[in-house]
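Chain and residue survey
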Amino acid sequence: MKILKILATVILLLIIAVASYAFYIKSILTPSYSGEVQINGLTESTEIYFTAYGIPHIYAKNQADAYRSLGYIHAKERLWQMDLLRHVGSGRLSELFGPDMIQVDKFLRTMGLSSYAKASSESYIKRNHESLPLIQAYLDGINHYIATNPKPFEHTILGLQVQPFEVQNVFETLTYMAFSFSNAHITDPVLTELSTKLDSAYLQDLNIYHYKGESTLQSFDDRYSKQAKQTITVLSQLNIPEFIGSNSWVLSGEKTKNGKVILANDPHIAFSQPAVWYEAHLVSPENEYYGYHIPGAPFPLLMHSEKQAIGLTMFENDDMDFYVEEIHSEDSMMYLHKGQWKEVGLVEEVIKVKGENDYTFNIRSTIHGPIVSDILQDEPLDDIVSMHWVTSNYPNYMIEAIYGFVTSENINELESAASRIHGPGLNIMYGDSAGNIAWWAVGKLIRRRDERTSKTFYDGTSGLDDPDSTYAFNKNPHAINPPWGYVHSANNQPDTVEGILYSGYYLPDDRSERITEILNPSSNATVEDMKMMFLDDKSMMQEAIKGILLHAIKDTKRGDILRSLLTWKCDFNKDDSRPLIFQKWVNEILKAAMKDEIGESLWPVYKKSHTYKVSAEYLIKNEKTLWWDDLNTEEQETRSVIIQKAFEITLSHLEEIWGKDYTQWKWGDAHTLNHKHAMGDVISFLNVGKFSVSGANEVINNMGYTYQEVPEQTILFGPSTRRIVDFGDVRNNSWSILPTGQSGNYFSPYYDDQALMFANGEFRKMEMNYDSINQSKNKLVLKPSD
């Protein structure tokens, strides 16, 4: 009995200790949004009003104070995210998480992120651009917060200190963003392997460019997909947002009810917690704008003012090529290029590892770029493969460009600023108060001998396909004030310019077709119409193939399901069973048609490639393609046979999971959204969700996923914001939403206050009206410290 009392006392004391510690942590880490704070370097007092949902409205007496204040607020709300992003962009994750991240750091450094960020930073500082003092002020604000406040919860748990920020860190953050845009490092290795395994007729039926030119290698190691698998593994370990795709449309006054321009934009980015964007409204005598910032960078990529608005989507151009190199049989430091043996470049890299000794490795390179096959040490390729990436091979003027976005006064100045972006490829969407609308595809585009060859590995020895030059900016696709009254982008193939068709990883036309279907007849559009359009979940692909699929099962014994499917409008509503059936059915069709040719080991990688999504409709509509025949049987299968078998498998699988009564199935039960924190696997309460939502792959409400052989199709990416700017009343009638909230601090009321609104398709205002802003109860005043 005495022992039990002692144990009870000990347990009680432990509970009290844990509760006390938790209370202490919460008390010191819960952010305050009012009061006064002294800031080093500030020249005059700055007022910051935090309106509903934690949006800061910064009123400063000069630009430097505005950016110093923004740096302080970014650190206050997103310091963990900022620190994580700069470690990704420099390949230094092992410093945070230990030896498990060594291979990830090797991958990131071999791809050139760290060295390019460093070189870009040094060059930018030497140029002494007019934006440099503002970046320094921004960094001063960050570092003042670090020096005077407790470190974030995540750093506390991991036992880490936060080091001061410097200019190079800004470039590290932006360089990672550029790398995450690229599809080539997954798709090219897969297509290269398929091109060696299958007759060219198979690839032609997938609607991709492929041809065997004099520089395209005729035979390859059958393990090139290992390179794609390595990339997929690394990206999955990062748990930070990748930039995937986007929608945007800008309507001229001829298409709107109020006769003024309306811009709509929803960049598609991998969901995470915290979300990628941080909204802030900056006001100084020199400038005023409402911007969407990547924390760690002072200038916004998305912004609007009373004069102009800017959105972006991913261009999806092919900015990455791979080359198979020939190494000298007697000297591993020599490679063959244009008939001459040249010396392999060698750079030593040192990775600092938390809790362990430094890890040292070498990066080899050729004239084409780093030898990326060296990363595959566990399952090495027989060949040596190097990589050329446009972004890391040209001077970096990204900071000057986005600074130009917020300082430009008209469409010509904006175009000049946009032209300075060499990579990543972006579609800059534009509208202004003067009635102009425009779209520019920006980024340097490689001049290739034949664009059709760019998705498979080149022969590096010949020099015939070396990336020697790029096109001038005026040859990039663009549209300025088109007579049809709007511009739009949905990551689809752009039109040619002077007959030039640029290779890329463009997404299916589904979203673009639906956008034009809605906008073409419109002449009276309103903000409310734009809100509804963002939530549109009609699938143009399903509409295109629905008749083929249903005709193939016209004699099915499941007439009840057939009748239900016949009335489906091809919309992916979360409360409907039919999207669940069709989504599963289409994927079973592709699996039955293709897996026997592609192979068991390559199939999971192929499903994650760009080609899987792009080729689906094209393949299903082609009744004569070789893909329909199952190589594992003696019979000659047809499209109808494959569709019928896939339908039977679909119903059997869904009944096993969701029960026999198909009327009780719901798409939303399988299609779920969970915003995952980088430490969410260990500390689950940092995650936000999960939510059942409407939408699907390649509908306007693009809630995307990779098809899985499990009950849930967990959403991986989607709108990183839904944003509408109305030049009929910019200050009072522009709208937005974030996927979770403004703050990355778990103890903030703004950590997840928008999550349910986002899942339900709701919006909130982007306020710029001082008369309403200054009514906020949360006012933080920053004052000079001296």
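Just so it is clear, the model here is predicted, and its values are computed rather than measured.

Regarding the overall build of the protein chain
What the protein chain contains, in helices and strands, is 24 helices and 28 strands. Long-range contacts, defined here as pairs at least 24 residues apart, represent 72% of the contacts in the protein chain between residues at least 6 apart.

Topic: the packing of helix α18 (residues 578–598) against helix α21 (residues 639–658)
Following both chains from N to C, one finds α18 and α21 inclined at 130°, their axes separated by 8 Å at the closest point. Compared by their axis directions, α18 and α21 come out oblique. The way α18 lies across α21 gives a crossing that is right-handed. Note on element contacts: α21 touches α18 through Ile642, Ile643, Ala646, Phe647, Ile649, Thr650, His653, Leu654 and Trp658, opposite Leu580, Ile581, Lys584, Trp585, Glu588, Ile589, Ala592 and Ala593.

Let's talk about the packing of aromatic side chains
Counting across every chain of the model gives 36 aromatic pairs. Ring centres of Tyr49 and Tyr770 lie 6.1 Å apart, and the angle between their planes is 85°; on these two criteria the pair is classed as edge-to-face. Taken as a pair, Tyr49 in strand β2 (residues 46–51) and Tyr770 in helix α24 (residues 770–773) lie far apart in primary sequence, 721 residues in all. Among the residues examined, Tyr49 registers a relative accessible area of 4% and is labelled buried. Seen in terms of ring centroids, Trp277 and Tyr292 are 6.4 Å apart; in terms of plane orientation they differ by 85°. Their pairing is edge-to-face. In this pair, Trp277 is assigned in the loop between β5 (262–270) and β6 (278–284) and Tyr292 in strand β7 (residues 287–293), connecting sequence segments 15 residues apart. Of the two residues examined, Trp277 and Tyr292, each falls in the buried class. Members of the aromatic cluster, connected to one another through ring pairs, are Trp568, Phe572, Phe582, Trp585, Phe647, Trp667 and Tyr705. The ring of Phe758 is capped by Arg722, whose NZ or CZ atom sits 4.5 Å from the centre of that ring.

Notes on helix α17 (residues 559–566)
By the burial criterion, the buried members of α17 are Gly559, Ile561, Leu562, Ser564 and Leu565. Contact partners of the buried residues in α17: α16 (540–552), α18 and α21.

Details of the pattern of salt bridges
Following the criterion strictly, the structure yields 34 salt bridges and no others. Where Arg448 meets Asp321, a salt bridge forms, and the shortest distance between an N and an O atom there is 3.1 Å. Here Arg448 is found in the loop between β18 (437–442) and β19 (458–459), whereas its partner Asp321 is found in strand β10 (residues 320–325), with 127 residues between them in sequence. Take Arg448: its relative accessible area is 13%, and that puts it in the buried class. Taking the relative accessible area as the measure of exposure, Asp321 reaches 1% and is therefore buried. For Lys595, the salt bridge is made with Glu600, and the minimal N-O distance between the two is 3.2 Å. Glu600 gets classed as exposed once you look at its relative accessible area, which sits at 59%.

Topic: the pairing of strand β9 (residues 308–314)
For β9, a buried count of 7 out of 7 residues is recorded, marking the element as mostly surrounded by other parts of the structure. Burial along β9 is two-sided: the face carrying Gln308, Ile310, Leu312 and Met314 and the face carrying Ala309, Gly311 and Thr313 are both buried. Pairing of strand β8 (residues 302–304) with β9, which is carried by 2 bridges, proceeds in the antiparallel orientation. By the bridge assignment, His304 is partnered in β9 with Ala309. In sequence, β8 turns back onto β9 through a hairpin of 3 residues. Where β9 and strand β17 (residues 426–432) come together, 7 bridges link them in antiparallel fashion. The residue of β17 that forms the bridge with Gly311 is Met429.

Focus: the nonpolar core
Proteins that are soluble and globular tend to have nonpolar side chains buried together. The biggest cluster of nonpolar side chains holds 140 residues, and the ones touching the most others in it are Tyr67, Trp277, Phe405 and Ile428. It is helix α2 (residues 63–89) that contributes the most residues to this core, 12 residues altogether. Leaving out residues up to four positions away in the same chain, Phe405 has contacts with Leu301, Met303, Gln308, Ile310, Leu414, Ala417, Ala418, Ile421 and Ile428. In terms of nonpolar packing, the next biggest core, distinct from the first, is built from 48 residues, Ile561, Trp568, Met594 and Ile642 among them.

Conventions we followed
- Residues numbered from 1 in each chain as written.
- Predicted model: local features only at pLDDT ≥ 70, side-chain atom pairs only at ≥ 80, totals over all residues.
- Heavy atoms only, no water.
- Helix = DSSP H or I, 4+ residues; strand = E, 2+ residues; numbered from the N terminus.
- Contact = heavy atoms within 4.5 Å.
- Axes fitted to C-alpha atoms, helices over the stretch in contact; angles between N-to-C directions.
- Parallel < 35°, antiparallel > 145°, perpendicular 65-115°, else oblique.
- Left-handed = near helix turned anticlockwise from the far one by under 90°.
- Phe/Tyr/Trp six-rings, centres within 6.5 Å; stacked < 30°, edge-to-face > 60°.
- Buried < 20%, exposed > 50% of the residue type's maximum accessible area, 1.4 Å probe, protein only.
- Lys NZ or Arg CZ within 6 Å of the ring centre and 35° of its normal.
- Salt bridge = Lys/Arg side-chain N within 4 Å of Asp/Glu carboxyl O.
- Pairing = 2+ DSSP bridges.
- Core = buried A, V, L, I, M, F, W, Y, C linked by side-chain atoms within 4.5 Å.

That is the geometry; function is a separate question.
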